[in-house]
Amino acid sequence: MSHTSKTLKDIELFEVKTKNLQQEKHLHQLKMLLPSLPPYVFKYFQKNRKRSATTLFNYANDYKLFFYFLADNNWVLEYLNIDSISPVHIPISVLAELPLNEVEEFQGYLDGKYEQRTVNRRISALKSLFNFLTQKYENPITKEPYFYRNVFAKIETTKVSSDPVKRADSFEQKIYKGNEDLRFLDFVAAEYEKTLSPIKLRYFLRDKNRDLAILSLFLGSGLRLSELAFLQIEDINFEENSLGVFRKGHSSKVQVTVNPRAMDELKEYLQTRVENYGCAPDDKHVFFTKYNGSYSPLSTRTIQDLVVKYSKAFNVNKRLTPHKLRHTFATKHWTANKDLIGLQTQLGHTSSEITSSYTHVGKDKQHKNLENMDKIED
């Protein structure tokens, strides 16, 4: 079963509402992925247009992984009595007859490769697909779904522990504590270049203002990776020291407050942006890279890589990511202010329960608290 010319045209014209550059990019990537999946999977996406482009793109990647697993599965090949098959040609009958043990094997494959939260998300995406195929889809002629037996209804996900003390202790081992974040920024600004060869130094000096602005924004605002990567010039408000970003639950951009040092680093970078990267002065993107004489907006992957690079150079035993820099900001914000609602607003959390994970005390703090008790004088 492959795509007809009509289905391919429908994929080309497939649209969902996008709110920012990231979602526009994910919509484009989704449309590139869909032709590699069976036509009945595209029906699912047509039915779920109200979901964000980012969610649908993630689901498409989950489905791609699953169908590639099926295409290489011995039971599938024996069931179809063939030697090989491409994922896009897997017939709906395979999903209808797929044995439980084969699905459990797929779940085991995921367990061995990904963290539990990722496994749960991928299984949840497949549960949604099978629920559509067995219950929500209706053939316009027969009024029946594709099939009735939903094997994924028998698959359970593993609950991830949400013990606040354990999470707090985990945070402590993976983030900067005290003023370690400031020492990290000072290291990148003054010490890192001393470790570089002449060739690497030349590229670093070109990117130094950009990279310092990025690191400072993470540590000075708690922005998410996607929020920072897709910033536009019009989002920047130097008078109010704030940035406009799209966040879940909001139909328009919300203003996120940024500390003055980070905004100063951003301003310094913007003064060299055109000269260093050759971009048009009125280009709406904020962060750029340059390769073979051409400039392009900085990708989320490149931002992740540069955070890892600098954090490893600062402390080889502490490899940080953009998300861990966000944790660093959140923990420091709570320590300084003890303002849960303010922190929730700053981070853009939809629930105070998520934000409260930063308010619990880890092991290091517990030991210090007990030591302080012995210092109390009569």
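About the cut-offs
Residues numbered from 1 in each chain as written. Predicted model: local features only at pLDDT ≥ 70, side-chain atom pairs only at ≥ 80, totals over all residues. Heavy atoms only, no water. Helix = DSSP H or I, 4+ residues; strand = E, 2+ residues; numbered from the N terminus. Buried < 20%, exposed > 50% of the residue type's maximum accessible area, 1.4 Å probe, protein only. Contact = heavy atoms within 4.5 Å. Areas by Shrake-Rupley, 256 points an atom, 1.4 Å probe, with all protein chains shown as cover. Phe/Tyr/Trp six-rings, centres within 6.5 Å; stacked < 30°, edge-to-face > 60°. Lys NZ or Arg CZ within 6 Å of the ring centre and 35° of its normal. Pairing = 2+ DSSP bridges. Salt bridge = Lys/Arg side-chain N within 4 Å of Asp/Glu carboxyl O. Polar contact = N/O pair within 3.5 Å; in protein donor to acceptor, adjacent residues only side chain to side chain. Axes fitted to C-alpha atoms, helices over the stretch in contact; angles between N-to-C directions. Parallel < 35°, antiparallel > 145°, perpendicular 65-115°, else oblique. Nonpolar A, V, L, I, M, F, W, Y, C, P; charged D, E, K, R; others polar. Expected span 1.5 Å × (residues − 1).

**Q** What exactly am I supposed to notice about the overall build of the chain here?
**A** When its secondary structure is counted, the chain shows 18 helices and five strands. Based on the C-alpha atoms only, the size of the chain along its principal axes is roughly 75 × 65 × 40 Å. Here the chain holds 378 residues, and 44% of them are scored as buried. Considering only contacts in the chain between residues 6 or more positions apart, those separated by 24 or more positions represent 61%. Of the roughly 20,800 Å² that the chain leaves accessible, carbon and sulfur atoms contribute 49%.

**Q** I keep staring at helix α3 (residues 39-47) and nothing clicks. Help me out?
**A** Note: α-helices contain 3.6 residues per turn, so residues at a spacing of three or four share the same orientation. Buried residues of α3: Pro39, Tyr40, Val41, Phe42, Tyr44 and Phe45, and no others. Next to the buried residues of α3 lie α1 (5-13), α2 (21-33), α4 (53-71), α6 (92-97) and α8 (116-136).

**Q** Where do I start with the side chain of Asn120 in this structure?
**A** Relative to the assigned elements, Asn120 resides in helix α8. Judged by its relative accessible area of 15%, Asn120 falls in the buried class. Asn120 has contacts with Thr157, Thr158 and Val160, leaving out every residue within four places of it along the chain.

**Q** What is the right way to look at the packing of aromatic side chains in this model?
**A** Between two aromatic rings, the relevant description is the distance of the centres plus the angle of the planes. What the rule picks out here adds up to 32 aromatic pairs. Judged by centre distance (5.5 Å) and plane angle (50°), the rings of Phe187 and Phe314 are tilted. You can see Phe187 sitting in helix α10 (residues 180-191) and its partner Phe314 sitting in helix α14 (residues 300-314), a full 127 residues away along the chain. Phe187 gets classed as buried once you look at its relative accessible area, which sits at 14%. Aromatic pair Phe204 and Tyr310: ring centres 6.3 Å apart, planes at 65°, arrangement edge-to-face. In this pair, Phe204 is assigned in helix α11 (residues 198-221) and Tyr310 in helix α14, connecting sequence segments 106 residues apart. No difference in accessibility class separates Phe204 from Tyr310, as the two residues are buried. Here Arg122 stacks its cationic end above the ring of Tyr114, 4.6 Å away from the centre of that ring.

**Q** Just to check I follow, could you spell out the sheet that holds strand β1 (residues 236-237) for this structure?
**A** Adjacent strands of a sheet pair through backbone hydrogen bonds, lying either parallel or antiparallel. With respect to topology, three strands assemble into an open sheet ordered β1-β2-β3, the strand pairing being antiparallel. Single-partner strands in this sheet number two, and they are β1 and β3 (254-257). Here four bridges tie strand β2 (residues 242-245) to β3, and the two strands are oriented antiparallel to one another. Following the sheet pairing, Ser242 is matched in β3 by Thr257.

**Q** Please clarify how the environment of Leu266 should be interpreted in this entry.
**A** Relative to the helices and strands, Leu266 is located in helix α13 (residues 260-277). Leu266 gets classed as buried once you look at its relative accessible area, which sits at 0%. Sequence spacing of Leu266 and Phe287 is 21 residues, and the spatial spacing of their C-alpha atoms is 9.9 Å.

**Q** Just to check I follow, could you spell out the pattern of salt bridges for this structure?
**A** Pairs can form between side chains of opposite charge once their charged atoms are near each other. Tallied over the full model, the rule gives 17 salt bridges. Residue Glu12 pairs with Lys9 through a salt bridge whose shortest N-O separation is 3.9 Å. Remark: Lys9 and Glu12 occur in helix α1; sequence separation between them is three residues, near one turn of the helix. Among the residues examined, Lys9 registers a relative accessible area of 42% and is labelled partly exposed. Three or more residues joined by partner-sharing salt bridges are found here, namely Arg206, Asp207, Arg210 and Asp211.

**Q** Looking at this structure, how should I read the environment of Glu227?
**A** If you trace the backbone, Glu227 turns up in helix α12 (residues 225-229). By relative accessible area, which is 8% here, Glu227 ends up buried. Considering only alpha carbons, one finds Glu227 and Asn61, 166 residues apart in sequence, at a separation of 21 Å. Here the side chain of Glu227 touches Arg224 through a polar contact of 2.9 Å, side chain to side chain. Of the polar contacts made by the side chain of Glu227, one reaches the side chain of Arg247; its length is 2.8 Å.

**Q** Looking at this model, I keep getting lost on the packing of α11 against α14. Mind explaining?
**A** Describing two packed helices takes the angle between their axes plus the distance from one axis to the other. Taken N-terminus to C-terminus, the directions of α11 and α14 make an angle of 95°; their axes are 11 Å apart at the nearest point. Our classification of the angle between α11 and α14 gives roughly perpendicular. Facing Phe204, Arg210, Asp211, Ile214, Leu215 and Phe218 of α11, the residues of α14 in contact are Ile303, Leu306, Val307 and Tyr310. Among the residues making up the contact of α11 with α14, the classes are represented as eight nonpolar, no polar and two charged.

**Q** I keep staring at α8 and nothing clicks. Help me out?
**A** Here α8 contains 21 residues, and its C-alpha end-to-end distance of 28 Å stays within 8% of the 30 Å for a straight helix at 1.5 Å per residue. Within the sequence span of α8, burial applies to Val119, Asn120, Arg122, Ile123, Ala125, Leu126, Ser128, Leu129, Phe130, Phe132, Leu133 and Thr134. Against the buried residues of α8 lie α3, α4, α6 and α7 (100-113).

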